[in-house]
Every structure is written in C-alpha cells, then in structure tokens.
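Listed below, chain by chain, are the residues.
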Amino acid sequence: MADKVREVIDEFGRPAEFREGLEGVVAALSMISSIDGENGVLLYRGIPIEQLAEHSTFEETSYFLLYGRLPKRQELTEFENKLKSRRQVQPAILDLIRSFPATANAMDLLRTSVSALGLYDTDPANSAPEKNLDRAIDLIAAFPTIVAAIQRRQSGQAVVAPRTDLSHAANFLYMVNGEAPAEYASRVLDVALILHADHGFNASTFTSRVVISSLSDMYAAITAAVGSLKGPLHGGANSEVMTTLLKIGSIEKVEAYVLERLKNKQKVMGFGHRVYHTYDPRARILSQYSQKLAQQTGNAKWFDMSKKVEEIMIREVGEKGIYPNVDFYSATVYYYMGLDQDLFTPIFAVSRIAGWTAHVLEQMQNNRLFRPRAIYPGEKNLAYVPIEQR
Ligand code: COA
C-alpha cells in the first residue's frame with residue numbers, strides 16, 4: 001500500500017495526498033454495509049453476513065438493504081409478492097435479446113438490456129424517492145428474468161417465462177434450466193445471492209453512486225454498474241477462477257501453476273482484495289457450500305483443487321494479506337450446480353442489483369456531485385502548432 005498512497009506536489013506547487021485507485025478515501029457516509037478488512041467481518045446494516053446467510057432469504061435481505069430495517073412478516077409477504085408480480089419483462093426486451101449476436105458476452109447483453117429497460121419507464125422525469133424505490137423493486141425482479149433469457153438465447157434454447165409460485169432463487173434456476181430446481185440447489189443459490197448483495201464502495205457500487213450523483217437516472221446508474229462489474233478485477237473474477245481450475249486440470253498440477261504465476265508477477269484469480277487483508281467471510285461460507293456440493297455430486301476434484309490453490313497461495317503470499325475472496329469459491333459452487341460459466345458474473349449482478357439500488361436511493365437522500373481531482377503532471381503553456389508544421 002505504501003507507494004500507492006503518497007504525498008505529492010501538484011502542478012501549482014501545493015502538497016497533495018495521492019491515493020491510487022482512491023484506496024482508503026472516505027467518499028460518503030453509508031448505512032448500508034460495513035467491512036472490517038483486518039478481521040474479515042462484513043455487516044449488512046449492522047447484522048453479520050453469517051447470520052443473514054443462515055437465517056435470511058435474498059428477498060428479505062433485499063428488503064433490509066432497501067428499507068433499512070428487517071421486514072415484519074406481512075411486509076415481507078407483500079414485498080415477495082411485489083417481486084413475483086414484476087418478474088415479467090416487456091416483450092420488447094426479450095425481442096431485443098433475441099436480436100443480439102449469439103456470440104456476444106452475457107454481461108454486455110445484460111448492460112444493454114438494462115439500458116433499454118429505461119426506455120419503457122412511463123414516468124422518466126419523476127425522481128421522487130418513492131418512484132426510485134419502485135424502480136429498484138422492478139429491477140430486482142427483472143434481473144433474473146433478463147439474465148436467464150440471455151443464457152437461454154446464447155445457448156440456443158427457448159426463453160422460459162417466470163413462475164410466480166417459486167422463490168426468487170428457485171424461479172431463476174427454473175428459468176435457466178427449464179425445470180424446477182431441487183430445494184437444496186435453490187437454497188445454495190439463495191445464500192450466494194445474499195452473500196453478494198452488497199459490499200461497501202466496491203467499483204460497481206461506487207460507479208452507480210457517481211452516475212446518480214449528477215442527478216442522472218436509476219437506469220443510467222445501474223447500466224454503468226453492470227459495465228463495471230463485468231471486469232475481471234471485480235465480478236468477472238468468478239468466471240476466471242473456473243477457467244483457471246479447468247486449465248490447471250488436476251490437483252497434481254496446482255502447485256507448479258500457482259508458483260509459476262507468482263514468479264511471473266501474475267495474479268491468481270479469486271485472491272486478494274482492496275479491503276480484506278485476511279479471509280473474506282463470504283468465501284468462508286461459500287467454501288463450505290462448495291465442499292457440500294462436492295460430496296453430494298461425488299466429484300471432489302474441483303473443491304480439492306481449490307483448497308490446494310488456497311493452501312499454496314496462503315503459504316506463499318498470505319503474509320502480504322492475500323487470501324481467497326468471494327469469487328474464489330462461488331466459482332465451484334456454481335460449477336457444481338451445473339450452471340454455465342457465462343452465467344457466473346451475471347448471477348453476481350442478479351444479487352448486487354439489491355445493493356446498487358439501495359446505494360442509489362441512499363445517494364439521492366443527501367446528494368452531492370462526486371467530483372475528485374487529478375494532478376496534471378505535464379508541461380504547461382505550450383504553443384499551438386499549426387497542422388502543417390507538426
Ligand atoms: N494474485 C497474486 N498476487 C496478488 C493478487 C492475486 N490475486 N492480488 C494482489 N496481489 C499482489 C499484487 O501483485 C501486489 O503485489 P506487490 O505489492 O508485490 O506488487 C499486491 O498484492 C497488491 O495488489 P494490487 O493489485 O495493488 O491490490 P489492489 O488493492 O489494487 O487489488 C484486486 C485488489 C482484487 C484487484 C487484486 O487483489 C486482484 O487483481 N485480484 C484478482 C482478481 C479478483 O479476484 N478480483 C475479485 C475481487 S473480489
């Protein structure tokens with residue numbers, strides 16, 4: 001961290017603190033989540049993530065993030081019913097998805113679909129808090145339908161319409177696979193959705209807040225957030241983890257692979273974090289699910305390989321604070337569930353939409369335009385050179 005946070009002199013000769021990648025900069029007060037990166041603790045609105053993973057559902061967690069308190073039974077039922085009733089998306093969005101190139105990246109399709117959703121908002125100029133809350137619920141309900149439609153389309157299958165008798169997670173798996181999932185599979189996905197729902201000022205969430213801070217609109221903020229999540233340093237890492245494991249191919253080859261990458265100063269996907277310098281608590285929970293799925297499927301290979309990668313990474317670079325992050329074990333969890341690798345990062349979005357929208361609502365409550373500065377280290381007062389003299 002030392003050389004990434006330094007005192008510099010700006011172009012006017014004034015001292016300034018330069019934090020590369022805004023590391024450690026406090027950009028807002030936020031009541032949504034809290035991360036203790038040294039002790040590996042994540043709270044959503046004060047509640048440890050382990051408790052939510054054990055007792056809550058994605059629907060309840062979404063309510064909690066949006067409204068700032070746990071719902072009473074009646075409130076939760078009403079919220080669940082609202083989500084169910086809004087699962088259908090405009091046929092035009094599905095037509096649009098069908099019209100996209102079959103080879104296009106699923107996150108790019110999601111980004112474009114979300115942007116298009118905004119065109120069907122019947123009251124676009126209305127940015128009242130109640131209206132934005134309504135849009136947030138629309139988006140949380142619509143994301144699984146859009147992502148499943150993208151997956152079906154990209155794999156050459158007919159789009160499956162949502163059902164209203166299934167939970168959020170179960171309905172998503174139903175729309176992806178065309179058949180209702182086993183109870184355990186729904187619960188595993190439900191837990192994964194809870195664990196990915198919010199995480200402070202990560203790149204995509206910060207993106208959504210920057211966009212809304214200009215008083216743009218919810219769809220613009222979420223579209224930009226999807227674009228940010230796609231990157232392999234952020235949500236794209238879960239798919240990269242699976243690519244890595246498949247490429248390594250066997251447990252015997254793990255050590256040589258990891259050592260080679262470290263020797264060449266290359267990153268091992270699914271490790272390291274800007275905030276955590278210890279084990280990511282979400283990875284700890286997902287690792288347990290990966291292990292259970294390995295047992296249930298009778299295929300321990302991918303879990304065992306992951307454990308081996310983890311063991312070598314901690315041995316080699318643990319003292320630098322590099323440990324597994326959320327993407328490391330979500331990869332094998334999804335893989336064991338038979339989910340297509342192209343779906344891994346979109347599933348992250350199906351969950352994080354709850355956090356993004358909660359942050360957009362919070363930003364709007366007490367908005368101030370985000371506008372940091374950059375230091376210009378170049379030459380000044382240069383003369384304009386006519387084109388024929390260059
Ligand atoms: N594998 C190997 N080394 C890693 C590493 C990884 N996954 N992540 C960080 N490091 C090392 C860097 O090489 C660097 O070492 P150095 O100081 O000797 O040069 C040091 O740790 C700091 O890394 P840096 O990339 O500056 O940290 P950051 O805070 O900017 O990055 C991530 C955080 C997440 C972008 C980074 O850890 C990463 O790229 N991880 C892999 C992608 C991933 O899993 N992303 C999902 C995050 S939830």
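Our structure is the block above this text.
In short, a report on the structure.

Rules used throughout
Residues numbered from 1 in each chain as written. Predicted model: local features only at pLDDT ≥ 70, side-chain atom pairs only at ≥ 80, totals over all residues. Heavy atoms only, no water. Salt bridge = Lys/Arg side-chain N within 4 Å of Asp/Glu carboxyl O. Helix = DSSP H or I, 4+ residues; strand = E, 2+ residues; numbered from the N terminus. Buried < 20%, exposed > 50% of the residue type's maximum accessible area, 1.4 Å probe, protein only. Polar contact = N/O pair within 3.5 Å; in protein donor to acceptor, adjacent residues only side chain to side chain. Contact = heavy atoms within 4.5 Å. Pairing = 2+ DSSP bridges. Axes fitted to C-alpha atoms, helices over the stretch in contact; angles between N-to-C directions. Parallel < 35°, antiparallel > 145°, perpendicular 65-115°, else oblique. Left-handed = near helix turned anticlockwise from the far one by under 90°. Nonpolar A, V, L, I, M, F, W, Y, C, P; charged D, E, K, R; others polar. Phe/Tyr/Trp six-rings, centres within 6.5 Å; stacked < 30°, edge-to-face > 60°. Lys NZ or Arg CZ within 6 Å of the ring centre and 35° of its normal.

This part takes up the pattern of salt bridges. Close approach of charged atoms lets side chains of opposite charge pair. Inspection of the entire model under this criterion finds 21 salt bridges. We note a salt bridge from D108 to R111, for which the minimum N-O separation is 3.2 Å. With D108 and R111 both in helix α5 (residues 106-117), this residue pair falls three residues apart, about one helical turn. With a shortest N-O distance of 2.6 Å, D280 and R282 are connected by a salt bridge. The exposure classification of D280 matches that of R282, with both residues buried. Each member of the salt-bridge network shares a partner with another, and the members are D10, R14 and R373.

Inspection of the secondary structure assignment puts N325 in the loop between α14 (301-317) and α15 (326-336). Looking at N325, the relative accessible area reads 8%, which means it is buried. Separated by 2.9 Å, the side chain of N325 and the backbone oxygen of G272 make a polar contact. When neighbours within four sequence positions are excluded, N325 is seen to be in contact with G270, F271, G272, H273, D280 and A283.

The next subject is the pairing of strand β2 (residues 15-19). Two strands pair when backbone bridges link them, and strand β1 (residues 5-9) and β2 are joined in this way by five bridges, in the antiparallel orientation. From the neighbouring strand, V8 faces β2, where its bridge partner is A16. Where β1 hands over to β2, the hairpin turn is made up of five residues, of which G13 adopts a positive phi near 80 degrees.

As a further point, take the packing of helix α9 (residues 203-213) against helix α10 (residues 218-229). Orientation of α9 relative to α10, taken along the N-to-C sense of each, is 150 degrees, at an axis distance of 8 Å. Judged by the angle between their axes, α9 and α10 are roughly antiparallel. Crossing angle aside, the handedness with which α9 passes α10 is right-handed. Residues A203, S204, T207, S208, V211 and I212 of α9 touch α10, and the partners they reach there are M218, A220, A221, A224, A225, S228 and L229. For the contact of α9 with α10, the class distribution of residues is nine nonpolar, four polar and no charged.

Here the focus is the side chain of R86. If you trace the backbone, R86 turns up in the loop between α3 (73-85) and α4 (91-99). Here D138 takes part through its side chain, which lies 2.8 Å from a polar atom of the side chain of R86. The residues contacting R86, other than those within four sequence positions of it, are D134, I137, D138, A141 and A142.

Geometry of an aromatic ring pair is reported as the spacing of the ring centres plus the angle between the planes. According to the stated counting rule, one finds 12 aromatic pairs in the structure shown. Relative to Y335, the ring of W302 has its centre 5.6 Å away and its plane inclined at 75 degrees; by these criteria the two rings are edge-to-face. Remark: Y335 occurs in helix α15 and W302 occurs in helix α14; sequence separation between them is 33 residues. Looking at W302, the relative accessible area reads 9%, which means it is buried. Ring pairs connect the aromatic residues F271, F303, F328 and Y329, which therefore count as one cluster. Positioned above the aromatic ring of Y279 is the side chain of R284, whose terminal nitrogen or guanidinium carbon lies 4.4 Å from the ring centre. If you follow K292 out to its NZ or CZ, it ends over the ring of Y289, 4.6 Å from the centre.

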